[in-house]
Amino acid sequence: MTTTLQSPPRPALALHGGPKTVTLPERDMFTWPIITPEDEAAVLDVLRTRSMSGTDITMQFEKEFAEWMGVDYALGYNNGTASLLGAMYGVGVGVGDEILCPATTFWASALQVFNLGASVVFADIDPLTLCLDPKDIERHLSPRTKAIMVVHYLGHPADMDAILKIADKHSLKVIEDMSHAQGGLYKGRKLGTFGHASGYSLMTGKSFAIGEAGMLTTNDREIYDRAVAFGHGERFSENIPTAYLKPFAGMPMGGFKSRMHQMSSAMGRVQLRHYDKRCAEIRKALNYFWDLLEGVPGLVAHRVDESTGSNMAGWYGCHGIYRSEELGGLSVTRFCQAVTAEGVLGVGPGCNKALHTHPVFNEADVYGHGRPTRIANCARDLRQPCGSLPVSERIGHEGFHIPWFKHYRPELIEEYAAAFRKVAEQADELLADDPGDASDLGGWSFFKSVK
């Protein structure tokens, strides 16, 4: 008599009444930023000395930030949006000019260009890096294109070699939006040092988190001087080296007041001392998570090969790429619901919606021009219809949030990875009651619309 050994039955999905996969307590696994007595003392000192609106501590932070980045100049801002506006003005973007920007990003990568009388044209993204696709740049250029805005989306380095080659060919300025990638590397070199100027968000939700703040960096003195003149009136004096700015010293030329609050800069000095070490632990944790899921159908890691000298910085807004066809057509929404039921925190479908489809870039008359602001100063209609940037328009159905681990704790990470694997391997059991995805997953200002 032959005995056939049978595999033990697999545990039912938690969504269908089975046991949760994640049982260990999360503790402070997702608490960020890490605040210590060192941070508290620095911020309290600003309060006690009544120096909240000064610049002395901010200038110390700028010096240390520039040294950390290996650049000549750093300029503190009240937020990342203002730093990118300063970078746009710094590189010379003005009335009637165009910048090129990836469609999948936060609005602050592009929208404030309207304040300069300029406009934006969007390009598509690469479906694996989720960054600006170099192959889609040149078809969008015109004689009025002044700069390329490069976003290292979710911490993944953009293809800077290819982008810089195109920029050089067409004599274009390059601005790096570093809001997702502070401290990251591309082939051994710091992101934020490739472009003519870079802008950084340092708000509480970012990996470099110091409250509400931003930073601009550059190696070009004229760009730095223009940024100072545009929004930092307290520093704009007749001693500024750029000669054509001297007659206007004393007033911010753009009418903006952009300086960083010194409680943020005080905290920034402390965070900077520990930032690289903390980010290294984040990367160790998330690389371990993805290593555990290697080969699982339907799930593709959104990460970079660190053997090339590149990395994901603090792995801000970490995502995976979803392949519905490998899981019988299961929607990313139902997949995320099932993973959440297993006890996983921070999972959801979608990412930033494609900006070229938003009404503010197609219909809004912000300043009373009598026609949409995006084309108010343009020689051509720059608006891009739905269907024109297909990868950006569908990526919400192919992207999903994964937990942003802040510590390397293998036992908990293994439980989280096991939950993803369990759902992927039992995807067939979810098809019958799959409600499908909403028509456009994601959000305009934040990543997701489905919790």
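A short tour of the structure in this document, coming up.

The rules behind each value
Residues numbered from 1 in each chain as written. Predicted model: local features only at pLDDT ≥ 70, side-chain atom pairs only at ≥ 80, totals over all residues. Heavy atoms only, no water. Helix = DSSP H or I, 4+ residues; strand = E, 2+ residues; numbered from the N terminus. Buried < 20%, exposed > 50% of the residue type's maximum accessible area, 1.4 Å probe, protein only. Lys, Arg positive; Asp, Glu negative; His and termini not counted. Salt bridge = Lys/Arg side-chain N within 4 Å of Asp/Glu carboxyl O. 1 Å grid on protein atoms, 1.4 Å probe; cavity = no way out; pocket = protein on both sides within 12 Å on 5 of 7 lines; lining within 4 Å. Points joined across faces, edges and corners; volume = space filled by probe spheres on them. Nonpolar A, V, L, I, M, F, W, Y, C, P; charged D, E, K, R; others polar. Core = buried A, V, L, I, M, F, W, Y, C linked by side-chain atoms within 4.5 Å. Contact = heavy atoms within 4.5 Å. Pairing = 2+ DSSP bridges. Axes fitted to C-alpha atoms, helices over the stretch in contact; angles between N-to-C directions. Parallel < 35°, antiparallel > 145°, perpendicular 65-115°, else oblique. Left-handed = near helix turned anticlockwise from the far one by under 90°. Expected span 1.5 Å × (residues − 1). Bend = angle between axes of the 7 residues up to and from the residue.

Considerations on the side chain of Asp177
In step 1: For Asp177, the position within the fold is in strand β5 (residues 173-177).
In step 2: Comment: no salt bridge for buried Asp177; closest opposite-charge side chain is Lys206, at 7.7 Å.

Focus: empty space enclosed by the protein
In step 1: One pass over the full model with this rule turns up one cavity of 30 Å³ or more.
In step 2: Considering only enclosed or pocket space, the largest cavity measures out at about 30 Å³ in volume.
In step 3: Lining the largest cavity are Gly54, Thr55, Thr58, Glu62, Gly76, His232, Glu234, Arg235, Arg259 and Met260.
In step 4: In terms of residue class, the lining of the largest cavity is made up of one nonpolar, five polar and four charged.

Focus: unusual backbone geometry
In step 1: Note the cis peptide between Trp32 and Pro33, where omega equals -5°.
In step 2: Considering the arrangement of structural elements, one finds Pro33 in the segment before α1 (37-48).
In step 3: Phi angles above zero are rare outside glycine, and Ser171 is one such case at about 55°.
In step 4: Relative to the elements of secondary structure, Ser171 occurs in the loop between α4 (160-169) and β5.
In step 5: Positive phi outside glycine occurs at Lys187, with the angle close to 50°.
In step 6: In this structure, Lys187 sits in the loop between β6 (185-186) and β7 (189-190).

Thoughts on the nonpolar core
In step 1: Phe61, Phe65, Val93, Phe122, Ile148 and Phe208 are the most contacted members of the largest nonpolar core, which totals 90 residues.
In step 2: In this structure Phe61 touches Leu202, Phe208, Ile210, Met215, Met260, Ser265, Gly268, Arg269 and Leu272, once residues within four positions along its chain are discounted.
In step 3: Residues Leu293, Leu299, Ala338 and Phe400 belong to the second largest nonpolar core, which totals 44 residues.

Concerning the sheet that holds strand β10 (residues 299-301)
In step 1: One open sheet accounts for four strands, arranged β10-β11-β13-β12; its pairing is antiparallel. Each end of this open sheet is capped by a strand with a single partner; those strands are β10 and β12 (348-349).
In step 2: As paired elements, β10 and strand β11 (residues 319-322) share three bridges and run antiparallel to each other. Within β11, the position partnered with Val300 by the bridge is Ile321.
In step 3: Along the sheet, helix α6 (residues 262-292) makes contact with β10, β11 and β13 (399-401), crossing β10 at roughly 145°.

Observations regarding the packing of helix α3 (residues 80-90) against helix α5 (residues 221-231)
In step 1: Where α3 contacts α5, the axes come no closer than 8 Å and their chain directions differ by 125°. Between α3 and α5, the angle falls in the class oblique. Both α3 and α5 take part in a crossing whose hand is right-handed. For the pair formed by α3 and α5, the contact residues are Leu85, Gly86, Tyr89 and Gly90 on the first element and Ile223, Arg226, Ala227 and Phe230 on the second.

Considering α6
In step 1: Helix length check: α6, at 31 residues, gives a terminal C-alpha distance of 43 Å against a target of 45 Å (1.5 Å per residue), a fit within 8%.
In step 2: Along α6, the largest kink reaches about 50° and is centred on Tyr275.

Thoughts on the sheet that holds strand β1 (residues 73-77)
In step 1: Reading across from one edge, β1-β9-β8-β5-β4-β2-β3 is the order of the seven strands in this open sheet, with mixed pairing throughout. Where the open sheet ends on each side, the last strands, each with one partner, are β1 and β3 (119-123). Shown here is a sheet whose adjacent strand axes are inclined to one another by a mean of 20°, direction ignored.
In step 2: With three bridges connecting them, β5 and strand β8 (residues 197-201) associate as parallel partners. Among the inter-strand pairings, Glu176 is bridged to a residue of β8, identified as Ser198.
In step 3: Of the strands in this sheet, β1, β8 and β9 (214-218) touch helix α2 (residues 56-69), which is tilted by about 135° from β1.

Some points on helix α7 (residues 332-341)
In step 1: Of all ten residues in α7, eight are buried; the element is thus mostly enclosed.
In step 2: Turning to α7, its buried residues are Val332, Thr333, Arg334, Phe335, Cys336, Ala338, Val339 and Ala341.
In step 3: Packing partners of the buried residues in α7 comprise β10, β11, β12, β13 and α9 (410-425).
In step 4: Looking at the residues trailing α7, positive phi occurs at Gly343, about 100°.

All quantities given are derived from atomic positions and should not be read as evidence of function.
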